[in-house]
Amino acid sequence: MSRDAEARPAPASYRRIASLAIPALVVLAAEPIYLLIDTAVVGHLGAVPLAGLALGGVIMGLAPLIGAVLAYGTTARASRRFGAGDRPGAVAEGVQGTWLALAAGLAMVVAFQFLAGPIAGLMGDDPAVEAAAAQWLRVAVLGAPFLLVAGAGQGWMRAVQDTKRPMWFVSASFLVSAALAPILVYPVGLGLVGSAWANAVAQAISGVLFLLALRRERVPLRVDWPLMSKQLVANGDLIIRGVAFQVSSFSAAAVAARVGTTALGAHQIGMQLWFFAALALDAVAIAGQALIGADLGAGRPDAARASAKRLTIVGLGYGVLFLLVVLVSLPVLPDLFTSDTAVHDQLGYVWPWLVLLLPVAGVVFALDGVLIGAGDLRFMRNMTVISIASGLPFTWLTLVFGWGLTGIWGGIAVYMLVRFGLILWRLRSGEWAVTGAERS
């Protein structure tokens with residue numbers, strides 16, 4: 001072995017990637033698994049409650065969006081500090097992220113009590129579905145402050161490369177929610193609202209556990225305005241990125257609602273499966289955020305580039321594995337969610353797109369983690385806006401040409417393929433690999 005080879009920093013091993021990704025997988029999969037269970041439970045109430053859950057869930061998607069911004073923004077800054085040997089500084093980023101989470105969550109609770117009805121009316125096309133969505137939203141939003149606190153908590157824990165405690169925290173809340181949902185919906189008789197209460201209770205449990213973990217770190221818990229302002233600036237690009245995702249989700253749901261109630265129900269099932277796959281595949285991205293941020297914070301750009309290549313390979317393999325799982329499950333999947341034959345028929349337009357996009361998603365989400373860990377947030381913002389702007393015309397033209405769910409999911413495919421091309425180009429350029437405890 002040459003001296004150059006001996007001196008070159010080694011990339012993260014596949015075992016190290018797995019040690020971070022597998023616990024993160026449990027965390028990421030818990031919420032979509034709960035939503036899948038919730039969809040199955042509510043689906044057997046009928047098409048209107050299922051469509052109400054679909055509409056309400058899209059609107060409530062604002063909360064996990066903000067939670068993801070807080071998690072990713074905190075990880076992007078804190079992982080560099082951890083790589084530079086400053087664990088207290090990394091946790092301090094988590095403290096400020098938690099204050100931001102509480103403020104945003106409480107604002108959502110107040111706003112949705114007044115605006116749930118008007119927003120549902122704006123998006124929907126059936127008064128019964130709109131009323132069901134608004135009723136669900138007013139209860140489900142009570143869990144938003146805790147959901148956002150959990151997002152900030154996951155952000156700083158990922159940065160210090162602790163993905164095991166979040167796994168236990170989220171698993172505990174998931175088990176409670178999975179047990180509560182069918183009980184509250186059927187034996188207790190709360191119907192659709194029962195699923196919202198189960199959601200809120202689970203999020204409260206998770207949020208409290210993350211707050212206790214932060215307190216045990218013995219760092220100052222006061223508000224640090226200069227540090228918080230830096231987080232807000234970093235989060236600005238992620239917020240724009242998140243808003244672009246919400247525009248895409250809102251547009252797809254609004255168009256599906258106008259295609260018909262059964263189409264909206266089928267779209268809800270397809271999107272929950274897509275979100276489950278996306279978040280589960282994002283486990284590789286979580287490992288990437290922690291490893292890449294730490295390497296660049298420690299001044300090891302060559303190791304970061306080598307790790308990025310390995311993460312790409314893992315992401316592709318993971319996506320192909322999900323494709324095979326979905327293909328094997330297709331004969332039984334529709335009956336798990338609903339017995340409505342009209343919804344089953346509409347699902348036939350969703351499956352081809354869902355299956356074919358999974359390997360693409362595996363690579364895209366893995367590289368999202370690389371660029372977020374590198375703090376390359378401006379490029380992430382621009383890439384997302386461009387890709388979603390490429391797919392939206394197909395979604396909205398569905399109303400003109402009558403393409404139905406094929407047009408909606410074709411639009412999703414276009415934006416994913418554009419995103420795939422742009423992120424591979426960025427990876428190859430190497431411009432994302434900026435070193436230092438803070439990205440200048």
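As named in an unreviewed UniProt entry, the protein chain is MATE family efflux transporter, taken from Glycomyces rhizosphaerae. Regarding the protein chain, the relevant UniProt record gives this comment under Subcellular location (unreviewed entry): "Membrane". Taken from UniProt, the Sequence similarities (unreviewed entry) comment for the protein chain reads in full: "Belongs to the multi antimicrobial extrusion (MATE) (TC 2.A.66.1) family."

## Things to note about the overall build of the protein chain
Scanning the protein chain from N- to C-terminus turns up 17 helices and zero strands. Its C-alpha atoms give the protein chain a radius of gyration of 21 Å, within 12% of the compact-globule value 22 Å for 440 residues. Expressed along its principal axes, the backbone C-alpha trace of the protein chain runs to roughly 70 × 45 × 35 Å. The buried share of the protein chain, reckoned over its 440 residues, is 57%.

## Regarding helix H9 (residues 192–216)
Over its 25 residues, H9 runs 38 Å from end to end, which matches the ideal 36 Å to within 8%, given 1.5 Å per residue. A positive phi of about 55° marks Arg218, the residue just after H9.

## Topic: the side chain of Arg81
Topologically, Arg81 is positioned in helix H4 (residues 62–83). Of the residues examined, Arg81 reaches a relative accessible area of 18% and is grouped as buried. Arg81 has contacts with Asp86, Gly89, Ala90, Glu93, Ala437 and Glu438, leaving out every residue within four places of it along the chain.

## Quick notes on the nonpolar core
One finds Trp274, Trp409, Met416 and Trp432 to be the most contacted residues of the largest nonpolar core, which totals 115 residues. Among the elements that make up this core, the one with the highest residue count is helix H11 (residues 261–297) (19 residues). The next biggest cluster of nonpolar side chains, apart from the first, holds 31 residues, and it includes Ala152, Val160, Leu214 and Val219.

## Some points on the side chain of Glu93
Among the structural elements, Glu93 can be located in helix H5 (residues 87–123). The class for Glu93 is buried, based on a relative accessible area of 0%. Aside from chain neighbours lying at most four places away, what touches Glu93 is Thr74, Arg77, Ala78, Arg81, Leu227 and Gln231.

## A word on a nonpolar patch on the surface
There is a patch of nonpolar side chains on the surface, built from Phe394, Trp396, Leu397, Leu399, Val400, Phe401 and Trp403 and spanning about 690 Å² of accessible area. For Phe394, the location among the structural elements is in helix H16 (residues 377–401).

## Digging into unusual backbone geometry
Comment: phi is negative for the bulk of residues other than glycine, and the bulk of peptide bonds are trans. Here the phi dihedral of Gln161 falls at roughly 60°; this positive angle occurs in a residue that is not glycine. Its identity as a non-glycine residue notwithstanding, Arg218 has a phi of 55°, on the positive side. Mapping Arg218 onto the fold places it in the loop between H9 and helix H10 (225–259). Residue classification places Arg218 among the exposed positions, given a relative accessible area of 78%.

## A short note on the packing of helix H3 (residues 47–60) against H4
Put simply, H3 and H4 touch, their axes get as near as 5 Å, and they point 30° apart. Comparing the axis directions of H3 and H4 gives the class roughly parallel. Across the interface between the two elements, Val58, Ile59 and Met60 of H3 pack against Leu62, Ala63 and Pro64 of H4. Among the residues forming the contact of H3 with H4, the class breakdown is six nonpolar, no polar and no charged.

## Let's talk about H3
Taking 1.5 Å of rise per residue, 14 residues should cover 20 Å, and H3 covers 20 Å from first to last C-alpha, within 8% of that figure. Buried residues dominate H3, accounting for 11 of its 14 residues.

Definitions and cut-offs
- Residues numbered from 1 in each chain as written.
- Predicted model: local features only at pLDDT ≥ 70, side-chain atom pairs only at ≥ 80, totals over all residues.
- Heavy atoms only, no water.
- UniProt positions renumbered as here; feature names shortened; annotations may be inferred.
- Helix = DSSP H or I, 4+ residues; strand = E, 2+ residues; numbered from the N terminus.
- Rg over C-alpha atoms; globule rule 2.2 N^0.38 Å.
- Buried < 20%, exposed > 50% of the residue type's maximum accessible area, 1.4 Å probe, protein only.
- Expected span 1.5 Å × (residues − 1).
- Contact = heavy atoms within 4.5 Å.
- Core = buried A, V, L, I, M, F, W, Y, C linked by side-chain atoms within 4.5 Å.
- Patch = residues over 30% accessible without salt bridge, like charges linked within 9 Å, V, L, I, M, F, W, Y side chains within 5 Å.
- Areas by Shrake-Rupley, 256 points an atom, 1.4 Å probe, with all protein chains shown as cover.
- Salt bridge = Lys/Arg side-chain N within 4 Å of Asp/Glu carboxyl O.
- Axes fitted to C-alpha atoms, helices over the stretch in contact; angles between N-to-C directions.
- Parallel < 35°, antiparallel > 145°, perpendicular 65-115°, else oblique.
- Nonpolar A, V, L, I, M, F, W, Y, C, P; charged D, E, K, R; others polar.

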